[in-house]
Structures are given as C-alpha cells and as structure tokens.
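# Summary of the model geometry
Each chain is listed here by its residues.
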Amino acid sequence: MLNKAEQLIDIFKEEFGIIFSISLGLFLFVLFFQPFTINNFDFNNSLLFVGGSGVILFIAICLVRIIIPWIFRKNGDESKKLLLPPFFNGFIILVVTSLSFVFYIRYVGMVNITFFLTIRIILLCLVPPIVLGIYDYVDELKRYNELLVFEKNNIQKQIGKYEEELLNKSIEFISENSSENFNLLIAEVAFIKSADNYVEIVYKEGDIFRKKLIRNTLRNIEVQLKQYTNFIRCHRICIVNLYYIEKQIRSENNHWLAIKGYDEKVPVSRQYLLKLRESL
C-alpha cells in the first residue's frame, strides 16, 4: 500500500506543473476577459469565484489523469499510462469540466444559463484537453527520442567493440616467392602503395611509421584484404586503412587523404572518390 501511495505522489509531482499551468491560465483568462458576467459579488468575492473555476479544472484533470489511472494501476506497474486513450481522456475532461462549470456558474454564481453561455463554457473547457494532448504528444516524442539515443549508444558501443576486435586481428602479407611474408595487426597498417613489381606497406610500430617492401602486385594484395572492411582502394596505386584517415583534402582538381601522424598525403582518384566518401 505504501508503494502505491509513493507512486501516486511521484505521478502527482510529475503532472503538477502542466496541470497547475493550465488551471492558472484558465483563471487568468476568466479574470481578464470575463466570458460570463457576474454581478452578484463584489470584487473580492468575484476573485474567489473565478479562482474556484481554476480549482474545479485542477481537480477534474487530476481525477482523470492521476487518481483514476492510479486506482486501476496494478502493483509494480511504474509506467506512465492513462486509463483510456488520449482522445477519450480529453473528452472526459471536457464533459466533466463543462458540467462542473455550468453547475458552478448557475448555483454558486447565480448566473442564468443560456445556450450561448453554454457554448462559451464548452469552448473554454475545450482548451485544456487540447493543451494536454499537445503536451502528451511532445512528451511521447521526447521519450521516443531518448529511446533512440539509448539504442544508438548501444549500437555505437557494439560497433566500437567490433572495430577494436577487428583492428587487433593479424594479417599476413604474402609475397609472390613466399619468402618475404610479413605479419601485421590490422591496426598497424596505415596504407599500401604500388612500387613497380613490389608493394610498399606503410605501418606504424609504436609511434614511428615504417615501410616494408614485398614482391607482389597491388591487385593481389587487394584481393587478400577484401575480407577486411577497414581497407579501401583510393587510387590505382594505393589502398588505405580507414582507421588512419584524418581528413580529405582538395587541391585544385586533385584529391588527397591526410594520414594521422604521417606527413605524406595519399592520392585519391575520381574513380574511387564516391566509394571512399560513402565509407567515411
């Protein structure tokens, strides 16, 4: 029972701001625009009478949005759910407040109820459900956005973990004569350039970039690296590790890639430019 009482207090705290704002707004509207004329009270009593309309609205909204859903909510259910769909809740608020205002104005304010006065009361009472509907819609969008952000962070963590595992995999560069095979971690290979009948592997050892020549063609190396998504062909003479790309540089009609911590720029041909941009 204590848990349910605590739930009621928490829900009330969460909803108090919007309910109080709507009630205060109605109080000020009635006070300044006077949609119905009250001649039976002096100024102070008129002020109290108008304040009573705000209290009626406050109680009606609390009843529909807080009390009734709380009564029928199961123990342990902490979700913020209305008892009925938003449209029906708004309709109930409209009916309850309209009837309450009619009786309040008639029997407390001693005002004759006419057809046009009833229409004004209904229009006045139509505003709170509309405001609450907009509030609930915006709140739902915020919650959905928070869920998307949470899912995005989880996906980024999974991608980061996958990339870390991938970068720590070892790759063996095979020479044509099989006498100069060279093993490196994917995270160590910056880029690979064609050098006549050889390929030049630029890799990072600690904080220093080093180069290694092995006898092979860049096409054969590209086939060998095809299973690793980190490597992409950026030029007919060059394959680059996406992990090492710092930024893309354009100089006149030429395109280049700046490599992290390395002075030399890697050329990019128009043939591979679009695919490279998609990968980045």
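Above this note sits the structure.
Note that this is a predicted model, so its numbers are computed, not measured. (Residues numbered from 1 in each chain as written. Predicted model: local features only at pLDDT ≥ 70, side-chain atom pairs only at ≥ 80, totals over all residues. Heavy atoms only, no water.)

Tyr272, Leu273 and Leu276 are the residues of helix α6 (residues 270-279) that are buried. Projection of α6 onto a plane perpendicular to its axis shows the buried side chains occupying an angular sector of 125°, all on one side. In α6, the exposed positions that point more than 90 degrees away from the buried face belong to Gln271, Leu274, Lys275 and Glu278. For α6, the elements touching its buried residues are β6 (231-235), β8 (245-251), β9 (254-259) and β10 (265-268). (Buried < 20%, exposed > 50% of the residue type's maximum accessible area, 1.4 Å probe, protein only. Helix = DSSP H or I, 4+ residues; strand = E, 2+ residues; numbered from the N terminus. Arc of directions from axis to C-beta. Contact = heavy atoms within 4.5 Å.)

Right, let's talk about the sheet that holds β10 for a bit. Backbone-to-backbone hydrogen bonds join strands into a sheet, with any given pair of strands oriented parallel or antiparallel. Overall, antiparallel pairing links the three strands, which are arranged β8-β9-β10 in an open sheet. The outermost strands of the open sheet, each flanked by one partner alone, are β8 and β10. Pairwise comparison of adjacent strand axes, ignoring direction, gives a mean angle of 30° for this sheet. The pairing of β9 with β10 spans four bridges and is antiparallel. Within β10, the position partnered with Trp256 by the bridge is Pro267. (Pairing = 2+ DSSP bridges. Axes fitted to C-alpha atoms, helices over the stretch in contact; angles between N-to-C directions.)

Attention now moves to the layout of surface pockets. The space that makes up the second largest pocket amounts to roughly 260 Å³. In terms of lining, the second largest pocket is formed by 14 residues, of which the most central are Glu222, Phe231, Ile232, Arg233 and Lys275. Mapped onto the lining of the second largest pocket, the elements with two or more residues apiece are α5 (218-225), β6 and α6. No other element matches the four residues that α5 contributes to the lining of the second largest pocket. (1 Å grid on protein atoms, 1.4 Å probe; cavity = no way out; pocket = protein on both sides within 12 Å on 5 of 7 lines; lining within 4 Å. Points joined across faces, edges and corners; volume = space filled by probe spheres on them.)

This part takes up the environment of Lys13. With respect to the secondary-structure elements, Lys13 resides in helix α1 (residues 2-33). For Lys13, a relative accessible area of 62% translates into the label exposed. Each C-alpha atom of the pair Lys13 and Thr229 lies 51 Å from the other, and the pair is 216 residues apart in sequence.

Burial of the side chains of strand β7 (residues 238-241) extends over both faces: Cys238 and Val240 are buried on one face and Ile239 and Asn241 on the other. Bridge analysis of strand β3 (residues 189-195) against β7 gives three bridges, and the strand direction is antiparallel. For Phe191, the partnering residue across the bridge sits in β7 and is Val240. Connecting β6 to the antiparallel partner β7 that follows it, the hairpin turn spans two residues.

Below, the discussion takes up the pattern of salt bridges. Taken as a whole, this structure holds seven salt bridges when the rule is applied. Between Arg143 and Glu14 there is a salt bridge; the shortest N-O distance is 3.1 Å. Of this pair, Arg143 sits in helix α4 (residues 115-167) while Glu14 sits in helix α1, placing them 129 residues apart in sequence. Note that Arg210 is salt-bridged to Glu205, the shortest N-O span being 2.5 Å. Given a relative accessible area of 35%, Arg210 falls into the partly exposed group. The class of Glu205 is partly exposed, set by a relative accessible area of 41%. Each member of the salt-bridge network shares a partner with another, and the members are Glu14, Asp139 and Arg143. (Salt bridge = Lys/Arg side-chain N within 4 Å of Asp/Glu carboxyl O.)

What describes a pair of aromatic rings is the distance from one ring centre to the other and the angle between the planes of the rings. Overall, the coordinates contain 14 aromatic pairs when judged by the stated rule. The interplanar angle of 80° and the centroid separation of 6.4 Å between the aromatic rings of Phe12 and Phe58 together place this pair among those described as edge-to-face. Of the two residues, Phe12 sits in helix α1 while Phe58 sits in helix α2 (residues 43-72), which places them 46 residues apart along the sequence. Taking the relative accessible area as the measure of exposure, Phe12 reaches 33% and is therefore partly exposed. Each member of the aromatic cluster is reached from another via a ring pair, and the members are Phe191, Phe209, Tyr243, Tyr244 and Tyr262. When the ring centre of Tyr107 is taken as origin, the NZ or CZ atom of Arg106, which lies over that ring, is 5.5 Å away. (Phe/Tyr/Trp six-rings, centres within 6.5 Å; stacked < 30°, edge-to-face > 60°. Lys NZ or Arg CZ within 6 Å of the ring centre and 35° of its normal.)

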